[in-house]
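Structural description and commentary
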Amino acid sequence: MNSIEYDCYAALGLQENPFKIHALGANEVGKRLLVGRDEQVQLVAQRLHKHGKITCLDGHVGVGKTSLVNVATYDCFQAFLHGETTQLLVPLSESFQLAKDDNVNDFCDRVFRKVANGLLAHREQLKSFSFSGTNLEHVNAWLNSPIVELINDTLGGAVNAGVPLVASSTLSSSTTTTKQTNTSAGFSQEGFEQLVRKWLNEIFSVQGNGGVVCVIDNLELLESGAAARRTLEGLRDKLFNVNGLRWVFCGANGVVHSLAASPRLGSFLNTPIIDVQNITQSHIEPLIKTRLKEFAMGTDNMENCLPIRLQDLTTLYIIINSNLRDLLNLADEYCEHHFNIGKLDLTEEQKEKRFKDWLPKVTKDSYRTLSSRIPQDTWLVLDIAMSDNYKGTFGIGDFDSFSSNSKVQITQSTFEKWLRNLVKLGILSKSIEDSSTDDEFNRDVYTVTAKGSLVHYARFIANETKNTATYNWLRRIHY
Ligand SMILES: Nc1ncnc2c1ncn2[C@@H]1O[C@H](COP(=O)(O)OP(=O)(O)O)[C@@H](O)[C@H]1O
Ligand SMILES: [Mg+2]
């Protein structure tokens, strides 16, 4: 009997969707799939080894910050197991996220529970390693610690199953769970926290011994630099100097940079902040090949199994201004579409032709839809932003240069109005508000999004661009 295939990647012979947009995990698979970040992994690992300082990363949404931190943490853990470092850094399975009005106590509660779980999970893993002959009393103390049983009971006796808190759950739901856990185990929140702190002190008796790596991710969700500073300042004394915890802050749009302005946080941060850049276009083919190899069901070479050529994925990456998560999303849509119309089995020539037909069509459609919503001259900003001078990123202070490169007259206030409109349409993304700088400079930075880049491509191929600047980078890939 023929079974109906719903999953296009299974139909292609893959165990998993190679375009999954989740961050790579702190595990062996994550490590294998991470491409083009050797130096940065090394740098992050080095920062994680520095106790008393928070590792900080800033970079566009989807550039690969969480994946980078996860793999670096996993590397540190492995380095310990292989005797290459005496610091034990323990990864957690998930990162933490803060919302604007989060309650400090609830958040701390969530952290200590997650940390306890992480320690329990890795204790099992460490038990199978022999540390005999090494001078690591702290690890032995951990593995034989009587506190473990208590904590294990408190968490319901389960290490991975029945974990009472999921890091991404909201705080209000965590409160309910906490209550249940407390009642069942007879523990107050402070009691539990004290217990975990005691345990951490036992394992990591000296700060230099290592710690559990806790990542506070997506800080840009706090919406403004001031809100991020306020929220994190509130957590400082309860969390950021706890023995045995190593902290990492990740955020986009400059939010992490704006933390440095806080007198209460500044000295805690390991600076300079790591600015995570897009991986280069030359990494796209190896990145996809690695995934195809990882997820292959059989032993066949899967390099050409997708309905799109790998080099066309690179082209797409360039056109959307090098955003990795957006590329994976688009590639996924493209493959799904071909699956739905029953076209998976194509020759390389057919794939090339289809891609060449598809690209101008989708970009034009999206351009037309958006065009009806704003005055035509507004596109001028996008045209200049995508020129070789800016390559997609500019500041509000670049107005003079924008106006001199424009074929149309613009004033500063029109410029600002257009910027607001383009942000609203999702064509530009804007750095977060930062009220810490009370001087008269406006430091807003704008970046063209993947959507904006596709629209610009449509204008470019239709010869509608309204600027005098050049686009060598686009011409190079233009068919
Ligand atoms: N260096 C890399 N190699 C392979 N895949 C990556 C790499 N960096 C990120 N990814 C993938 O890109 C997507 C976005 O990565 P993520 O780490 O979540 O970005 P961010 O945290 O910056 O938003 C995920 O699907 C992830 O698997
Ligand atoms: Mg992330």
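Residues numbered from 1 in each chain as written. Chains lettered and ligands numbered in written order. Predicted model: local features only at pLDDT ≥ 70, side-chain atom pairs only at ≥ 80, totals over all residues. Heavy atoms only, no water.

Examining the pairing of strand E1 (residues 54–58)
The element E1 is extensively covered by neighbouring structure, given that five of its five residues are classed as buried. Burial along E1 is two-sided: the residues Ile-54, Cys-56 and Asp-58 and Thr-55 and Leu-57 are all buried. Taken together, the four bridges between E1 and strand E6 (residues 269–275) define a ladder with parallel strand orientation. Each residue of the ladder has a partner; that of Leu-57, found in E6, is Ile-274. (Buried < 20%, exposed > 50% of the residue type's maximum accessible area, 1.4 Å probe, protein only. Helix = DSSP H or I, 4+ residues; strand = E, 2+ residues; numbered from the N terminus. Pairing = 2+ DSSP bridges.)

Considering the site of ligand 1
Near ligand 1, the surroundings consist of 22 residues, among which Gly-62, Lys-65, Thr-66, Ser-67 and Arg-325 are the closest. One nitrogen or oxygen atom from the main chain of Lys-20 is found 3.0 Å from an oxygen atom belonging to ligand 1. At 2.8 Å, a backbone N or O of Gly-62 approaches an oxygen atom of ligand 1. When ligand 1 is considered free in solution it has 560 Å² of accessible area, and contact with the protein chains removes 98% of it. Elements represented by at least two residues in the shell around ligand 1 include exactly helix H4 (65–81), helix H12 (284–295) and helix H14 (324–340). Here the shell around ligand 1 is built from residues that sort into eleven nonpolar, six polar and five charged. (Near = heavy atom within 4 Å. Polar contact = N/O pair within 3.5 Å; in protein donor to acceptor, adjacent residues only side chain to side chain. Areas by Shrake-Rupley, 256 points an atom, 1.4 Å probe, with all protein chains shown as cover. Nonpolar A, V, L, I, M, F, W, Y, C, P; charged D, E, K, R; others polar.)

Side note on the pattern of salt bridges
For side chains of opposite charge, pairing can occur when their charged atoms come near one another. Scanning the entire structure with this criterion turns up 18 salt bridges. Among the ionic pairs, Asp-109 bridges to Arg-113, the shortest N-O distance being 3.2 Å. Residue Asp-109 and its partner Arg-113 are located together in helix H5 (residues 104–127), separated by four residues, close to a single helical turn. Note that Asp-365 is salt-bridged to Lys-361, the shortest N-O span being 3.1 Å. Residue Asp-365 and its partner Lys-361 are located together in helix H15 (residues 348–371), separated by four residues, close to a single helical turn. Residue classification places Asp-365 among the partly exposed positions, given a relative accessible area of 34%. Each of Arg-309, Asp-312, Glu-352 and Lys-356 takes part in one network of salt bridges that share partners. (Salt bridge = Lys/Arg side-chain N within 4 Å of Asp/Glu carboxyl O.)

Points about the state of the cysteines
Evaluation of the coordinates by the stated rule reveals zero disulfides. The thiol sulfur of Cys-56 is not disulfide-bonded, and the nearest other cysteine sulfur, from Cys-250, lies at 8.7 Å. The exposure class assigned to Cys-56 is buried, which follows from its relative accessible area of 0%. (Disulfide = S-S within 2.5 Å.)

Remarks on the nonpolar core
By size, the foremost hydrophobic cluster in this structure holds 59 residues, and its most contacted members are Phe-19, Leu-57, Ile-288 and Leu-306. With eight residues, H14 is the single largest residue contributor to this core. Not counting residues within four places of it along the chain, the set of residues in contact with Leu-57 comprises Val-44, Lys-65, Leu-68, Val-69, Val-248, Phe-249, Cys-250, Gly-251, Val-256, Ile-273, Ile-274 and Val-276. Val-90, Phe-112, Leu-143 and Leu-195 belong to the second-largest nonpolar core, a separate cluster that totals 56 residues. (Core = buried A, V, L, I, M, F, W, Y, C linked by side-chain atoms within 4.5 Å. Contact = heavy atoms within 4.5 Å.)

Topic: a negative patch on the surface
On the surface, Glu-5, Asp-7, Glu-333 and Glu-336 cluster together into a negatively charged patch. When its relative accessible area of 35% is taken as the criterion, Glu-336 is described as partly exposed. (Patch = residues over 30% accessible without salt bridge, like charges linked within 9 Å, V, L, I, M, F, W, Y side chains within 5 Å. Lys, Arg positive; Asp, Glu negative; His and termini not counted. Charge placed at Lys NZ, Arg CZ, Asp CG, Glu CD.)

Considerations on the pairing of strand E9 (residues 445–448)
Pairing of strand E7 (residues 393–395) with E9, which is carried by three bridges, proceeds in the antiparallel orientation. Of the residues in E9, the one forming a bridge with Gly-395 is Val-445. For strand E8 (residues 428–430) and E9, the ladder comprises three bridges, and the chain directions are antiparallel. Following the sheet pairing, Lys-430 is matched in E9 by Tyr-446.

What about the packing of H15 against helix H19 (residues 450–461)?
Orientation of H15 relative to H19, taken along the N-to-C sense of each, is 105°, at an axis distance of 8 Å. Between H15 and H19, the angle falls in the class roughly perpendicular. Residues Leu-359, Pro-360, Thr-363, Lys-364, Ser-366, Tyr-367 and Leu-370 of H15 form the contact with H19, whose participating residues are Lys-451, Leu-454, Val-455, Tyr-457, Ala-458, Arg-459 and Ile-461. Partitioning the contact of H15 with H19 into residue classes produces nine nonpolar, two polar and three charged. (Axes fitted to C-alpha atoms, helices over the stretch in contact; angles between N-to-C directions. Parallel < 35°, antiparallel > 145°, perpendicular 65-115°, else oblique.)

Quick notes on the sheet that holds E7
In space, the three strands of this open sheet follow the order E7-E9-E8, with antiparallel pairing throughout. Each having just a single partner strand, E7 and E8 make up the two edges of the open sheet. Neighbouring strand axes in the sheet, compared pairwise and without regard to direction, differ in orientation by 25° on average. This element, helix H18 (residues 412–424), spans E7, E8 and E9 of the sheet and lies at about 105° to E8.

A look at the packing of aromatic side chains
Per the counting criterion, the structure on display carries 14 aromatic pairs. Relative to Phe-402, the ring of Tyr-390 lies with its centre 5.0 Å away and its plane at 40°, an arrangement referred to as tilted. With Tyr-390 in the loop between helix H16 (379–385) and E7 and Phe-402 in helix H17 (residues 399–404), this residue pair connects regions lying twelve residues apart in the sequence. Note on accessibility: Tyr-390 and Phe-402 belong to one class, buried. Here the aromatic cluster, defined as three or more aromatic residues joined through ring pairs, consists of Tyr-390, Phe-394, Phe-399, Phe-402, Phe-415 and Tyr-446. (Phe/Tyr/Trp six-rings, centres within 6.5 Å; stacked < 30°, edge-to-face > 60°.)

Some thoughts on the confidence of the model for the protein
Per-residue confidence for the protein gives a mean pLDDT of 85, with 86% of residues at or over 70. Across the protein, helix H2 (residues 28–33) holds the top mean pLDDT of 98, while helix H8 (residues 171–185) sits lowest at 40. Confidence drops under pLDDT 50 across residues 158–186; counting only partners more than four residues distant or on other chains, this segment forms 44 contacts. (pLDDT = per-residue confidence, 0-100.)

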